[in-house]
Amino acid sequence: MTPAPQAVIAMGVSGSGKTTLARLLAEAWQATFLDADDIHDDAARARMAAGLPLTDAMRDPWVARIADELTRRVANGERVVLAFSGLRRRHRDRLRETGLPLRFLFLHGDKTLIAARMQARSGHYMPASLLDSQFETLEMPAGEADVVTLAIDRPPAEMLRDALAACT
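Residues numbered from 1 in each chain as written. Predicted model: local features only at pLDDT ≥ 70, side-chain atom pairs only at ≥ 80, totals over all residues. Heavy atoms only, no water.

Draft legend 1. Focus on helix 4 (residues 89–96). Burial in helix 4 covers these residues: His-91, Arg-92 and Leu-95. Axial view of helix 4: buried residues confined to an arc of 100 degrees, hence all on one face. For helix 4, the secondary structure elements touched by its buried residues are strand 1 (7–11), helix 3 (56–75), strand 3 (80–83) and strand 4 (102–108). (Buried < 20%, exposed > 50% of the residue type's maximum accessible area, 1.4 Å probe, protein only. Helix = DSSP H or I, 4+ residues; strand = E, 2+ residues; numbered from the N terminus. Arc of directions from axis to C-beta. Contact = heavy atoms within 4.5 Å.)

Below, the structure written as structure tokens:
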């Protein structure tokens, strides 16, 4: 039997609803909410704000910082819900290498819907112009046993219900 997760990662392309779902789940699951965007360094944020995608070499130290933060928090007795793109398999594997009981929630949906969401939001450094590069970078989590796929074209309450079921 798989142990209950101590960390749940809401993953997907920018605009898929990771932060919204992760915040709702953290509250309902009595966990700490973390946003991987807050762990980016200033140079990465500036690059993306300028409409330039990050390279894998730029993402690697960021993913290492995320893994360290998850490990530290779980070691301190916290359950954690993380909003994190997790676009590359190797980045998901890096989090798995922590040895923590994890569950990934892959927020999957139509590019047109996600683009509309990105156009409607304000105050986020990630421009909608980078959505194509997000989809190009995404390595679908097919065959990854600890990943639950959630369709994003449903109300947040329905997605939360399914996310909570995945945490048990």
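Draft legend 2. Structural detail: the pairing of strand 1. For strand 1, the buried fraction is high: five of the five residues fall into the buried class. The pairing of strand 1 with strand 4 spans five bridges and is parallel. Each residue of the ladder has a partner; that of Ala-7, found in strand 4, is Leu-102. (Pairing = 2+ DSSP bridges.)

Draft legend 3. Structural view of the environment of Ser-16. The residue Ser-16 is located in the loop between strand 1 and helix 1 (18–28) in this model. With a relative accessible area of 1%, Ser-16 lands in the buried category. Spatially, the C-alpha atom of Ser-16 lies 9.3 Å from that of Phe-106, the residues being 90 residues apart in sequence. Ignoring anything within four residues of it in the chain, the contact list for Ser-16 reads Leu-107, Ile-114, Arg-117 and Ile-152. Engagement of the side chain of Ser-16 in a polar contact is seen with the backbone oxygen of Val-13, the distance being 2.8 Å. (Polar contact = N/O pair within 3.5 Å; in protein donor to acceptor, adjacent residues only side chain to side chain.)

Draft legend 4. Local environment of the sheet that holds strand 4. Read from one edge of the open sheet, five strands run 2-3-1-4-5, paired in parallel fashion. Single-partner strands in this sheet number two, and they are strand 2 (32–35) and strand 5 (147–151). In this sheet, neighbouring strand axes are inclined to one another by 20 degrees on average, regardless of whether the strands run parallel or antiparallel. When strand 1 meets strand 3, the two strands line up parallel, connected through four bridges. Bridged to Val-8 within strand 3 is Val-81. Across the sheet, helix 3 touches strand 1, strand 2 and strand 3, and the angle it forms with strand 3 is around 165 degrees. (Axes fitted to C-alpha atoms, helices over the stretch in contact; angles between N-to-C directions.)

Draft legend 5. Structural context of the nonpolar core. Core analysis: the largest hydrophobic core is formed by 45 residues, its most contacted members being Leu-25, Ile-66, Leu-70, Leu-82, Phe-84, Leu-95 and Leu-105. Of all the secondary-structure elements, those providing two or more residues to this core are strand 1, helix 1, helix 3, strand 3, strand 4, strand 5 and helix 7 (156–166). Counting residues per element, this core draws most heavily on helix 3, which supplies six residues. Beyond its immediate sequence surroundings of up to four residues, Phe-84 is in contact with Ile-9, Ala-10, Met-11, Gly-12, Lys-18, Ala-36, Trp-62, Val-63, Ile-66, His-91 and Leu-95. (Core = buried A, V, L, I, M, F, W, Y, C linked by side-chain atoms within 4.5 Å.)

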